[in-house]
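Descriptive analysis of the structure
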Amino acid sequence: MKPQFTGKHLLTIMLISALLTALASMGILNRADGLACDLLNQHPISTDDHIIVIGIDQKALETLGPYSQWNREIFARAIEALNQSEECRPAVIALDVLFAGETQKEADRHLADAAGKYGNVITACAMEFQDSFVQDEQKEFHWQRFFATSFDEPYQELKQATRQGHINAMMDTDGILRRHMLYAKLSDGREIPSLSLAAAWMYQEYSALSGAPEDETEIKLPRLDAGGFWYLPYCALPGNFGGAFSVADLISGDFSPEYFAGKIVLIGPYAPGLQDSYLTAIDHAVPMYGVEYQANAIHALLRGDFKTRIADGLQLAGIFLLFFLSLLFLWKRPVKSATLYWAAVCAGWVFICRLAYEHGFILRLLWIPVGLTILYALTLAANYIQAALERQQVTSTFKRYVAPEIVNEILKEGTDNLELGGKLTRIAVLFVDIRGFTPMSEMLTPGQVVEILNRYLTLISRCILKNGGTLDKFVGDAAMAFWGAPLPQDDYVMNAVRAAMDMVEGSKALSKELMERYGRTVSFGIGVHVGEAVVGNIGSPQRMDYTAIGDTVNTAARLEANAPKETVYISRAVADALEGRIQVTSLGSTIKLKGKQEGFEVLVLDGVM
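Residues numbered from 1 in each chain as written. Predicted model: local features only at pLDDT ≥ 70, side-chain atom pairs only at ≥ 80, totals over all residues. Heavy atoms only, no water.

Notes on the overall build of the protein chain
In terms of regular secondary structure, the protein chain is built from 19 helices and 24 strands. Taken across its 609 residues, the protein chain has 49% of its residues classed as buried. A separation of at least 24 residues holds for 75% of the contacts in the protein chain among residues at least 6 apart in sequence. (Helix = DSSP H or I, 4+ residues; strand = E, 2+ residues; numbered from the N terminus. Buried < 20%, exposed > 50% of the residue type's maximum accessible area, 1.4 Å probe, protein only. Contact = heavy atoms within 4.5 Å.)

Here we look at the sheet that holds strand 6 (residues 176-177)
Taken in spatial order, the three strands make up an open sheet running 6-13-14, and their pairing is mixed. With partners counted over all chains shown, the strands left at the sheet margins are strand 6 and strand 14 (283-289), one partner each. The pairing of strand 13 (residues 277-280) with strand 14 spans three bridges and is classified as antiparallel. Across the sheet, residue Tyr-278 finds its bridge partner in strand 14, namely Met-288. On the sheet, helix 10 (residues 290-303) packs against strand 6, strand 13 and strand 14 and is oriented at approximately 95° with respect to strand 14. (Pairing = 2+ DSSP bridges. Axes fitted to C-alpha atoms, helices over the stretch in contact; angles between N-to-C directions.)

Here we look at helix 4 (residues 73-82)
Each turn of an α-helix holds 3.6 residues, which means side chains three or four residues apart point in the same direction. Counted residue by residue, helix 4 has seven buried out of ten residues, so it is predominantly covered. Of the positions making up helix 4, those classed as buried are Ile-74, Phe-75, Ala-76, Ala-78, Ile-79, Ala-81 and Leu-82.

Looking at the packing of helix 16 (residues 446-466) against helix 17 (residues 492-518)
Close contact between helix 16 and helix 17 brings their axes to 9 Å; oriented N to C, the two are set at 160°. In terms of their interaxial angle, helix 16 and helix 17 are classed as roughly antiparallel. In this structure, helix 16 crosses over helix 17, and the sense of that crossing is right-handed. For the pair formed by helix 16 and helix 17, the contact residues are Gln-448, Glu-451, Ile-452, Arg-455, Tyr-456, Leu-459, Ile-460, Cys-463, Ile-464 and Lys-466 on the first element and Ala-499, Asp-502, Met-503, Gly-506, Ser-507, Leu-510, Ser-511, Glu-513, Leu-514, Arg-517 and Tyr-518 on the second. Considered class by class, the residues forming the contact of helix 16 with helix 17 number eleven nonpolar, four polar and six charged. (Parallel < 35°, antiparallel > 145°, perpendicular 65-115°, else oblique. Left-handed = near helix turned anticlockwise from the far one by under 90°. Nonpolar A, V, L, I, M, F, W, Y, C, P; charged D, E, K, R; others polar.)

Some remarks on the pattern of salt bridges
Following the criterion strictly, the structure yields 26 salt bridges and no others. A salt bridge links Asp-33 to Arg-364; the shortest N-O distance between them is 3.8 Å. Note that Asp-33 is positioned in helix 2 (residues 30-41) and Arg-364 in the loop between strand 16 (361-362) and helix 13 (367-398), a separation of 331 residues in sequence. Look at Asp-33 and you get buried, because its relative accessible area is 1%. Exposure remark for Arg-364: the relative accessible area of 10% places this residue in the buried category. (Salt bridge = Lys/Arg side-chain N within 4 Å of Asp/Glu carboxyl O.)

Some details on the pairing of strand 12 (residues 264-269)
Burial within strand 12 is extensive, with six of its six residues counted as buried. Where strand 1 (residues 51-56) and strand 12 come together, six bridges link them in parallel fashion. Across the sheet, Ile-54 pairs through a bridge with Ile-267, a residue of strand 12. Relative to strand 12, strand 2 (residues 92-98) is paired through four bridges, and the arrangement is parallel. Its bridge partner being in strand 12, Ala-94 is matched across the sheet by Leu-266.

Looking at the confidence of the model for the protein chain
Do not read the fine detail of predicted coordinates wherever pLDDT is low. Scored by pLDDT, the protein chain has a mean of 86; 88% of the residues are at 70 or more. When the criterion is pLDDT under 50, residues 416-420 qualifies, and its contacts beyond four places in sequence or with other chains add up to 14 contacts. (pLDDT = per-residue confidence, 0-100.)

Structural notes on the packing of aromatic side chains
Applying the stated criterion to the full structure yields 15 aromatic pairs. A ring pair is formed by Trp-70 and Phe-75, whose centres lie 5.9 Å apart and whose planes are at 55°; its orientation type is tilted. Given a relative accessible area of 11%, Trp-70 falls into the buried group. Geometrically, the ring pair formed by Tyr-259 and Phe-260 is edge-to-face, given 5.6 Å between the ring centres and 85° between the ring planes. By relative accessible area, which is 38% here, Tyr-259 ends up partly exposed. (Phe/Tyr/Trp six-rings, centres within 6.5 Å; stacked < 30°, edge-to-face > 60°.)

Quick word on unusual backbone geometry
The residue after Ala-485, namely Pro-486, is reached through a cis peptide bond having omega 10°. Mapped onto the elements, Pro-486 comes out in the loop between strand 19 (478-483) and helix 17. A positive phi angle is found at Glu-566, which is not glycine, with a value near 55°. Along the polypeptide, Glu-566 turns up in the loop between helix 18 (551-562) and strand 22 (567-571). Judged by its relative accessible area of 41%, Glu-566 falls in the partly exposed class.

Structural notes on the packing of helix 11 (residues 312-330) against helix 12 (residues 335-358)
One can describe the packing of helix 11 onto helix 12 by two numbers: an axis separation of 10 Å at closest approach and a directional angle of 160°. Judged on the interaxial angle alone, helix 12 and helix 11 are roughly antiparallel. As for how helix 11 packs across helix 12, the hand of that crossing is right-handed. Across the interface between the two elements, Leu-322, Ser-326, Phe-329 and Leu-330 from helix 11 touch Ser-337, Ala-338, Tyr-341 and Val-345 from helix 12.

The following block contains the structure:
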């Protein structure tokens, strides 16, 4: 049976969904979500061999001396070595090294001449940023993120001879480098492209001059976030872009110039002691050198491989709707189907996130699985508590009326199947009354009366419960029971007449004992009828009883009222239902039942075959 939701239920479900959505919006999962998204999405792919990293590595430091003692002559000679012939020149030489301020005039001039002579060199600049209030042209202050407080650029002669690109790398709050600042804005309004973008542009120009089709050389820019960043899809792990070439090889001439022809060459620190490495989205354990980070960004820009993060507001609206619908589904859901739903939605969301990434969109990976897991746990706990309360209610309601095995069967079938408010059901009804009890009670003490009554009522209860009946009530020295409810029974009419015969037989032994003790005896008069009746919890909110009402009940009561002692009266409906299985004697319509028309047949139950 599907659960019925009241307005209160729906409001509660809506509030829980809103609370989980609000928790997600607070950024509690952002750190873990970033790590999970990296694990799912960032994987190495095949890279183009037109991007080459030449490292200022341990070999160069051992050959040319400590980096702090290098002069700019070394870089001038490296540029000249790469450009030694017209046919072998690289398309781009990007120096991931700062050359701020003048040092030695001769070396500075040599570097500027070498860099400017071939027109394929890009030099680095860098800024320091802070979030601050900034005064605009109207003398008004406004808050600005990443306000440049300092700017280091190449010395003037080198600046004029080359193009520039910034090499700032801005890590996320968890220390992972995931994004790339495409432009850095200076306080004077100038926008400086990143070294990677400057290199991609120069390579585009080279390719166009080489006759490459326009659609292969056009650089499309990614969509930037509010801070001017874009999410960088890494293509190579740390070490995969570098390590094959050293600056020492360029200085010594131990390389083939033809290998670099028409390619993008990046020169930068490639040794741990130079302190230019970062933990990146593609590898949280092994640092990546800054020059490799630039190579990854160039690769993404040339391929047009851009990823756009779907706005959090849109995702929050989506997860609220999903949480609301999930709660509707999980409410009172069996554990197996709830678990299958939880696993399917979580796995499906991971698949959707991966598919979206491949098509250029980034979704919050953990919001739905974590939120749905919380809902799953809450609904399991709520359903368990609700089931326990219902079991307790069913047990306390029915343990007084029916046999323990029927209570267990009710619990096994589930309380939703009971319709405790009342339903029309075909049942067999038995009424039993103690004949001769009132005269006997007048002769005995109150204690003896209660003792004898309890003995008889215990016998009645035992016979009813033994035969799977529901003990409805005791009224003085009489009792009512029925079969066929609260759960259907295959042979409920036979069970009712067997209970009646057991009462008759049981009363004989008890009557003999009473005769010996008190000189008095009593016996049963019993009536059994079968038909439709309304069965359920009937009464007032202050007091309810599980009972049956209707003409079938009244008829059974009339049969019992007319039955002599040690006699069971049944109706023709009972006899027909058990034809061939019981022995009866028909009294025809000689017994007049109150409220019944002429012709109502009454039969005496003689035995059960």
